[in-house]
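# Residue-level structural notes
Next come the chains, spelled out residue by residue.
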Amino acid sequence: MNLRTYLPRLTSVALAGASLLAVTAAEAKEITVWCWDPNFNVAIMKEAGARYTKTHPDVTFNIVDFAKADVEQKLQTGLSSGTADALPDIVLIEDYGAQKYLQSFPGAFAPLSGTVDYSGFAPYKVELMTLEGQVYGMPFDSGVTGLYYRKDYLEQAGFKPEDMQGITWDRFIEIGKQVEAKTGKKMMGFDPTDAGLVRIMMQSAGQWYFDKEGKANITGNAALKASLETINKIMAANIYKPAAGWADWVGTFTSGDVASVITGVWITGTVKAQADQSGKWGVAPLPALSIGGATHASNLGGSSWYVLESSAEKAEAIDFLNEVYAKDVDFYQTILTDRGAVGSLLAARGGAAYGEADAFFGGEKVWQNFSDWLAKVPSVNYGVFTNEADTAVTAQLPALTQGTPVDEVLKAIDAEVSAQIQ
Amino acid sequence: MALARRGGIGRYYNVNGWLFVAPALGLIALFMIYPILWSLWMSFQSGRGMMLKFAGFSNIVRLWNDPVFIKALTNTLTYFVVQVPIMILLALILASLLNNPKLVGRGFFRTAIFLPCVTSLVAYSVLFKGMFAHDGIVNATLEAIGVIGEPIPWLTHPFWAKVLVILAITWRWTGYNMIFYLAAMQNIDKSIYEVARIDGVPAWARFTHITIPLLKPVILFTTVISTIGTIQLFDEVYNLTEGKGGPSNATLTLSLYIYNLTFRFMPNFGYAATVSYVIVVLVALLACVQFFAARERDR
């Protein structure tokens with residue numbers, strides 16, 4: 001048999017096999033989901049899937065747990081290769097990256113406007129997934145930030161919970177110095193290769209690396225300047241325990257080595273996982289910068305679900321997301337209580353769980369606080385180059401701590417970002 | 001036997017021979033030559049994700065104005081200039097020590113030194129990350145024996161992070177090079193050393209004037225291989241720095257930058273392809289220089 005006649009025959013056999021598989025899959029209706037964090041996104045999606053399967057017994061779920069970087073890499077590879085076979089039906093994308101995917105891979109994601117009633121969600125979440133009048137994702141969790149602090153350490157240093165409310169960063173650093181003097185504990189863990197804290201501070205004052213039109217907003221950005229100055233003060237005061245990477249950073253507070261954590265609400269599950277620290281934690285509003293427009297509310301991370309246009313189970317996937325994430329208020333109560341997930345469906349805030357006191361936080365109504373702060377998060381345009389700007393900021397942090405004036409640091413960041421965004 | 005009658009036996013063998021290698025050639029063309037040519041074409045394009053447009057030489061112009069690329073290039077060359085000579089020298093010394101037949105426990109030492117290069121790149125990087133953490137075992141040990149007062153910021157200071165990467169790759173690859181030298185040394189005729197010893201040539205001179213010249217082809221080979229490995233360095237840096245090449249881009253390599261341009265940043269496959277061609281050109285140039293240097297000394 002010669003190769004020319006053999007190859008097409010082989011291909012057709014393979015194709016028949018593939019379509020046979022597709023047919024079987026369609027009958028079983030299994031929805032594949034890619035996401036990260038087994039204690040948070042994965043567990044929440046399993047809960048959502050279980051709820052949907054109860055009313056739709058023919059639909060089952062295959063929830064695959066990857067590291068976030070791996071989800072992004074696999075998605076990006078799959079989308080660029082042009083073959084959708086290896087891609088899931090639903091994928092989780094962090095909000096900072098949403099526009100990057102929507103703009104780089106037009107037609108890859110299914111628009112959900114028309115099906116989903118977006119008026120029920122926090123507007124900033126909807127805005128970041130809108131492109132040319134179409135809305136593409138199902139808004140999921142919010143990264144509203146707070147200051148988690150160890151009541152026991154602060155009490156030893158002579159501070160009451162009232163002393164932590166509505167403070168500025170300068171005051172925070174002062175408290176940090178005293179905590180170290182009295183207890184020997186550092187105030188916070190800090191990873192100098194992670195620009196998360198800079199982003200939190202900057203957004204709390206209503207600015208971002210980019211302006212509303214998506215142009216670089218670095219050298220004239222008062223909020224970014226104040227954030228860098230604050231980071232510099234924190235480093236100069238040496239009130240932090242250095243961390244290298246995420247796991248190391250998480251270790252700084254799970255081990256009890258530091259007195260506070262400043263990050264998004266999604267960290268609650270990790271904080272609460274240390275059962276022996278129950279009752280020792282409190283939550284206060286984010287410290288504010290000392291500039292005009294500064295607030296005590298910000299956001300870090302947060303992500304949303306997207307349906308792939310090429311998905312064989314597209315209709316079921318969209319219906320599933322719409323039924324659970326856009327309508328089921330009770331679902332949001334469960335994931336709040338179990339996982340500390342603050343969703344962006346506004347109606348969920350009226351649910352019972354949001355008003356409950358949490359024993360882990362000494363009976364504070366932490367969820368009510370977070371949802372109040374959520375409403376105050378300044379809306380900014382994340383643009384499409386946040387990773388690039390982040391890299392430029394962390395690249396310049398050592399120069400800043402070695403005494404380079406902050407304006408020159410901003411210029412260097414601007415030069416790097418400008419070279420990257422084209 | 002129609003073929004043989006028409007073109008003779010030579011033609012018969014020719015056609016059959018080519019038919020036998022054709023599948024392999026086809027696969028090579030499909031999975032090697034086609035992607036290489038396609039990436040060359042891509043390096044003349046630019047854009048976001050799938051929206052690539054022909055851009056002429058704009059990617060090459062962009063290289064010169066890109067501080068991150070310059071940084072990655074400098075870092076990569078620093079690794080190459082510092083690490084390759086250290087490793088080659090260390091491997092040579094270890095090989096000649098372990099070549100001594102009087103050494104007790106040779107087998108053990110050979111195995112111990114070779115073991116690192118059969119461990120998984122990812123596994124050892126993760127292990128190194130733990131060992132060299134702020135309060136990791138290395139800092140704790142150094143502090144306990146009084147070498148340092150403050151913990152060394154291995155992963156958070158630009159200088160020490162580079163040192164750590166160099167330590168890691170040296171640990172991983174020295175044994176690999178050593179095995180080549182060891183094998184080559186066993187092929188050197190023992191009588192040459194005997195003659196030298198009888199003539200009163202000291203051990204050091206025997207090493208520099210007999211061992212090294214006779215090992216030259218192997219040294220050249222390992223240098224070229226190590227050069228390619230170092231210029232393409234990716235795994236260690238990726239795993240030690242969570243894929244960021246930090247702190248302050250101090251450990252960023254060209255390969256890691258290509259990865260970032262494709263998977264972490266706004267995907268620009270065209271520009272990433274251009275950077276990967278920089279590696280190709282760099283490796284080709286350095287290999288040429290090394291071959292040239294080795295040939296010159298022969299005369």
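Residue indices begin from 1 for each chain and proceed along its sequence in written order. In the order they appear in the text, chains get letters beginning with A and ligands get numbers beginning with 1. Since the coordinates come from a predicted model, pLDDT governs what is reported: local features require at least 70, and pairs of side-chain atoms require 80 or more to be given and counted, while whole-chain, interface and lining totals use all residues.

## Structural notes on the overall build of chain B
In plain terms, the rule: Think of it this way: any DSSP run of H or I at least four residues long counts as a helix, any run of E at least two long counts as a strand, and we number them from the N terminus. When we talk radius of gyration, it's over C-alpha atoms, and the globule rule is simply 2.2 Å times the number of residues to the 0.38. To sort residues by exposure, count the other C-beta atoms lying within 10 Å of each residue's C-beta; 20 or more gives buried, 12 or fewer gives exposed, and values between give partly exposed, all with C-beta atoms placed from the backbone. Here contacts are defined at the residue level, using C-beta atoms placed from the backbone and a cut-off of 7 Å between them.
The helix and strand tally for chain B stands at 12 helices and 2 strands. Scanning chain B from its N terminus toward the C terminus, one meets helices and strands in the order α-β-β-α-α-α-α-α-α-α-α-α-α-α. Taken against the 2.2 N^0.38 rule, which gives 19 Å for 299 residues, the C-alpha radius of gyration of chain B at 25 Å runs more than 25% over that of a compact globule. Referenced to the eigenvectors of the C-alpha coordinate spread, the extents of chain B come out at roughly 70 × 60 × 35 Å. When the 299 residues of chain B are sorted by exposure, 31% land in the buried category. Of the contacts made within chain B by residues no fewer than 6 positions apart, 69% connect residues no fewer than 24 positions apart.

## Digging into the overall build of chain A
Broken down by element type, chain A carries 16 helices and 12 strands. The C-alpha radius of gyration of chain A comes to 23 Å, within 12% of the 22 Å expected for a compact globule of 422 residues. Summarising its shape, the C-alpha atoms of chain A cover approximately 80 × 50 × 40 Å along the three principal directions. For chain A, the proportion of its 422 residues judged to be buried stands at 50%. Residue pairs in contact within chain A that sit at least 24 positions apart in sequence constitute 77% of those at least 6 positions apart.

## Things to note about the environment of N238 of chain A
Along the chain, the position of N238 of chain A falls in the loop between helix 9 (222-237) and strand 9 (240-242). Residue N238 of chain A is classed as partly exposed on the basis of its 13 C-beta neighbours within 10 Å.

## Remarks on the interface of chain A and chain B
Selection rule: Gly counts as polar in this scheme, as do all residues outside two lists: the nonpolar Ala, Val, Leu, Ile, Met, Phe, Trp, Tyr, Cys and Pro, and the charged Asp, Glu, Lys and Arg.
Taken residue by residue, the interface counts 28 residues in chain A and 28 residues in chain B. Broken down by secondary-structure element, the contributors of at least two residues to the side of chain A that touches chain B are helix 3 (68-81), helix 4 (98-104), helix 10 (246-254), helix 15 (386-401) and helix 16 (406-420) of chain A. Counting residues per element, the side of chain A that touches chain B draws most heavily on helix 15 of chain A, at 6 residues. When its residues are assigned to classes, the side of chain A that touches chain B shows 13 nonpolar, 10 polar and 5 charged.

## With respect to the sheet that holds strand 11 (residues 281-284) of chain A
All names here are of chain A. In plain terms, the rule: Following DSSP output, two strands are said to pair if at least two bridges run between them. What counts as an axis is a line fitted to C-alpha atoms, over the stretch in contact for a helix, and the angles between N-to-C directions run from 0 to 180 degrees.
Reading across the sheet, the 5 strands line up as 9-8-10-7-11 and stay open at both edges, with mixed pairing between neighbours. Because the sheet does not close on itself, it has two edges, and the strands there are strand 9 and strand 11. Taking the axes of each pair of neighbouring strands and ignoring which way they run, one obtains an average angle of 30° across the sheet. Bridge count for strand 8 (residues 186-190) against strand 9 is 3 bridges, and the pairing is parallel. In the strand pairing of strand 9, G189 is matched with K241.

## Side note on the sheet that holds strand 3 (residues 90-94) of chain A
Residues and elements named next belong to chain A. Spatially, 5 strands are ordered 2-1-3-12-6 in an open sheet, and the strand pairing comes out mixed. Single-partner strands in this sheet number two, and they are strand 2 (60-65) and strand 6 (137-139). Taken over all neighbouring pairs, the strand axes of this sheet differ in orientation by 25° on average, direction set aside. One ladder, built from 2 bridges, connects strand 1 (residues 30-35) with strand 3; its direction is parallel. Within strand 3, the position partnered with W34 by the bridge is V91. Across the sheet, helix 2 (residues 38-55) is in contact with strand 1, strand 2 and strand 3; its angle to strand 2 comes to roughly 175°. Strand contacts of helix 12 (residues 314-325): strand 1, strand 3, strand 6 and strand 12 (303-307), with the helix running at about 150° to strand 12, the strand carrying the most contacts.

## Section: unusual backbone geometry
All names here are of chain A. Not every positive phi belongs to a glycine, and D37 is a case in point at roughly 70°. Here D37 lies in the loop between strand 1 and helix 2. The class for D37 is partly exposed, based on 19 C-beta atoms found within 10 Å. In this structure, N238 takes a positive phi of about 50° despite not being glycine.

## Section: the nonpolar core
In summary, soluble globular proteins display a tendency toward joint burial of nonpolar side chains. The cut-off we apply is this: The nonpolar core criterion groups buried Ala, Val, Leu, Ile, Met, Phe, Trp, Tyr and Cys residues into a set whenever they are joined through C-beta atoms within 7 Å.
Counting residues in hydrophobic clusters, the biggest one holds 179 residues, and the most contacted among them are V91, V307 and L321 of chain A together with Y257 and V275 of chain B. The residues contacting V275 of chain B, other than those within four sequence positions of it, are F69, L254, Y257, I258 and L261 of chain B.

## Description of the packing of helix 9 of chain A against helix 16 of chain A
Residue and element names in this part refer to chain A. Operational definition: In a left-handed crossing the near helix is turned counterclockwise from the far helix by less than a right angle, and in a right-handed crossing that turn is clockwise.
Two elements in contact, helix 9 and helix 16, have axes whose closest approach is 10 Å; the angle formed by their N-to-C orientations is 115°. Crossing geometry of helix 9 relative to helix 16 is assigned as right-handed. Mapping the contact onto sequence places L224, K225, L228 and E229 in helix 9 and V406, V409 and L410 in helix 16. In the contact of helix 9 with helix 16, the residues fall into 5 nonpolar, no polar and 2 charged.

## Looking at helix 8 (residues 190-198) of chain B
Where burial is concerned, little of helix 8 of chain B is hidden: 0 out of the 9 residues are buried. Immediately beyond the C-terminal end of helix 8 of chain B, within one or two residues, lies G200 of chain B, with a positive phi of roughly 80°.

## Description of helix 12 of chain A
Turn by turn, an α-helix covers 3.6 residues, leaving residues three or four places apart pointing in a common direction. All names here are of chain A. So the rule is basically this: To estimate the expected span of a helix, subtract one from its residue number and multiply by 1.5 Å.
Here helix 12 contains 12 residues, and its C-alpha end-to-end distance of 16 Å stays within 8% of the 16 Å for a straight helix at 1.5 Å per residue. Every buried residue of helix 12 is listed here: E316, A317, I318, F320, L321, V324 and Y325. Residues of helix 12 that are buried in the fold lie against strand 1, helix 2, strand 3, strand 6, strand 12 and helix 13 (329-339).

## Some points on the pairing of strand 12 of chain A
Residues and elements named next belong to chain A. Among the 5 residues that make up strand 12, 5 are buried, leaving the element largely enclosed by the rest of the structure. Side chains of strand 12 alternate between two faces, with S303, W305 and V307 and S304 and Y306 buried alike. Bridge count for strand 3 against strand 12 is 5 bridges, and the pairing is antiparallel. Residue V91 lies in a different strand from strand 12, and its bridge partner there is Y306. One ladder, built from 3 bridges, connects strand 6 with strand 12; its direction is antiparallel. Pairing of G137 across the sheet is with Y306, part of strand 12.

## Quick notes on the pairing of strand 7 (residues 145-150) of chain A
All names here are of chain A. Burial analysis of strand 7 places 6 of its 6 residues in the buried class, which makes it a mostly covered element. Here strand 7 shows a buried face lined by T145, L147 and Y149 and a second buried face lined by G146, Y148 and R150. Where strand 7 lies against strand 10 (residues 258-264), 5 bridges are found, and the strand directions are antiparallel. Bridging from a neighbouring strand, L147 pairs with I262 of strand 10.

## What to know about the environment of F108 of chain B
Residues and elements named next belong to chain B. Along the chain, the position of F108 falls in helix 4 (residues 106-114). In this structure F108 comes out as exposed when scored by C-beta crowding, with 9 C-beta atoms within 10 Å. Separated by 182 residues in sequence, F108 and Q290 place their C-alpha atoms 34 Å apart.

## As for the packing of helix 2 of chain A against helix 12 of chain A
Residue and element names in this part refer to chain A. Rules: Throughout this description, any angle smaller than 35 degrees is read as roughly parallel, any larger than 145 degrees as roughly antiparallel, any in the 65 to 115 degree range as roughly perpendicular, and the remainder as oblique.
Remark: helix 2 packs on helix 12, axes separated minimally by 10 Å, with the N-to-C direction vectors making an angle of 100°. Considering their axes alone, helix 2 and helix 12 lie roughly perpendicular with respect to each other. On helix 12, the residues touching A48, R51 and Y52 of helix 2 are F320, E323, V324 and Y325. Of the residues assigned to the contact of helix 2 with helix 12, the class counts are 5 nonpolar, no polar and 2 charged.

## Structural notes on the confidence of the model for chain A
Detailed reading of the predicted coordinates is not advisable wherever pLDDT falls low. For the record, the criterion: The pLDDT value tells you how sure the predictor is about a given residue, anywhere from 0 up to 100.
For chain A, the average pLDDT comes to 88, and 93% of its residues sit at 70 or higher. Across residues 1-26 of chain A the pLDDT falls below 50, and counting only partners more than four positions away or on other chains, this stretch makes 5 contacts in the model.

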